[in-house]
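Now for the letters of each chain:
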Amino acid sequence: MEQKNIRKYKLFGAWNDDKEEAWLSGMARQGLHLHSLGFPGIYNFTAGEPREDVYRLDFITDRKDYQNYLQLFKDAGWEHMGEMGGWQYFRTRKQGNQVPEIYTDNASKAQKYTRLLTFLLVFLPIYVMMVTRQGPGEGNLSEFYAAIKFIFSLFLIFYAYAIIRISRRIIQLKKK
Amino acid sequence: MENDLGWFKYLPLTEATGYILLALTQPLHGYGVMQKIEQLSEGTVTVGPGTLYGAFSTLEKDGLIVKVGEEERRKSYTLTIKGRSILQEHFRRMAILLGNAQLLQGD
């Protein structure tokens, strides 16, 4: 059979990882199977037979143990498809009615989002600084500064929104 | 134990953590732990690799388990004395709970 490759561009919010997982599983049901990823939002698929696959995303920042981490997932039956900005993409086959999970309790799932939140909070002061700092005032550069400020303001709003959504998720998981 | 106060941080153990510690009364690597838990719990408890990986790093940092070897990118861990003591305390509490449950059934 001829291998057909299809590239898709799509952006998901950091709080929408479960939507992204569902989207990838939906693609697999249509016979489009993820084979690699690119930054940002590049998904490469191979066309084939439709399959019932389960996709799960993990988020890690600590790399010193990366090979052991990947080995553990592999042993447990999860194929590592690639990564995008700290997000790790895993795939496995659906087993009957059971949906395999990489996180099997809420406490550990909350830890995943806590890592994500910590990662986002590290960059927050940079955005705040870019938005609040004073430009040169008058002159040729003032418009340029205004444009930069505007772009960073948009980033800041997006960031704040992401932080709120992820915090709410952590609270919900801890409550259960 | 040098300080008993630290224990309350871990107790009660979650079902997954209890089983992870129980599995590590013998040295095992990650997938070995997953299989052992499946067997010990008679299939009632499954621990996913994300949960287990996080548990390993937390338990190691807290000194409840220790790395005893590494082969082909698989680290083996086993219980420390502290880990064993906490597991025993966990079981003592479970035994009390079970005793109460049996009393209730005897009614």
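Residues numbered from 1 in each chain as written. Chains lettered and ligands numbered in written order. Predicted model: local features only at pLDDT ≥ 70, side-chain atom pairs only at ≥ 80, totals over all residues. Heavy atoms only, no water.

Describe in detail the layout of surface pockets, supporting the description with residues and values.
With a probe scaled to a water molecule rolled over the atoms, the places where space remains empty come into view. Considered as a void within the structure, the largest pocket measures approximately 740 Å³ in volume. Taken together, 26 residues form the lining of the largest pocket, with A:F12, A:A14, A:F39, A:W87 and A:F158 sitting closest to its centre. Looking at side-chain class alone, the lining of the largest pocket contains 20 nonpolar, 3 polar and 3 charged residues. For the second largest pocket, the calculated volume is near 600 Å³. Lining the second largest pocket are 29 residues; nearest its centre among them are A:D62, A:D65, B:Y53, B:G54 and B:S57. For the lining of the second largest pocket, the secondary structure elements donating two or more residues are α2 (66–75) and α3 (106–132) of chain A together with α2 (30–40), α3 (49–61) and β3 (74–79) of chain B. (1 Å grid on protein atoms, 1.4 Å probe; cavity = no way out; pocket = protein on both sides within 12 Å on 5 of 7 lines; lining within 4 Å. Points joined across faces, edges and corners; volume = space filled by probe spheres on them. Nonpolar A, V, L, I, M, F, W, Y, C, P; charged D, E, K, R; others polar. Helix = DSSP H or I, 4+ residues; strand = E, 2+ residues; numbered from the N terminus.)

Quick one: what's the story with the sheet that holds strand β1 (residues 5–9) of chain A, residue by residue and with numbers?
Hydrogen bonds along the backbone pair up the strands of a sheet, which may run parallel or antiparallel. All names here are of chain A. Strand order in this open sheet of 3 strands is β1-β3-β2, and the pairing throughout is antiparallel. Across the chains shown, the open sheet's two edge strands, defined by having one partner strand only, are β1 and β2 (32–38). Shown here is a sheet whose adjacent strand axes are inclined to one another by a mean of 30 degrees, direction ignored. Pairing between β2 and strand β3 (residues 42–47): 6 bridges, direction antiparallel. Residue pairing across strands places L34 opposite F45, the latter belonging to β3. With respect to the sheet, helix α1 (residues 17–29) is in contact with β1, β2 and β3, its orientation differing from that of β3 by roughly 25 degrees. (Pairing = 2+ DSSP bridges. Axes fitted to C-alpha atoms, helices over the stretch in contact; angles between N-to-C directions. Contact = heavy atoms within 4.5 Å.)

Let's hear about the sheet that holds strand β4 (residues 53–59) of chain A: which residues, and what values?
All names here are of chain A. The 3 strands are arranged β4-β6-β5 in an open sheet whose pairing can be described as antiparallel. Taken across any chain shown, the strands that pair with only one partner, and hence form the sheet edges, are β4 and β5 (79–84). Mean inter-strand twist for the sheet, computed between neighbouring axes without regard to direction, equals 25 degrees. Across 7 bridges, the pairing between β4 and strand β6 (residues 87–93) is antiparallel. Paired with Y55 across the two strands is R91, which belongs to β6. Its contacts with the sheet put α1 on β4 and β6, and the angle it makes with β4 is roughly 150 degrees. Here α2 sits on the sheet and contacts β4, β5 and β6; the angle it forms with β6, its principal contact strand, is near 20 degrees.

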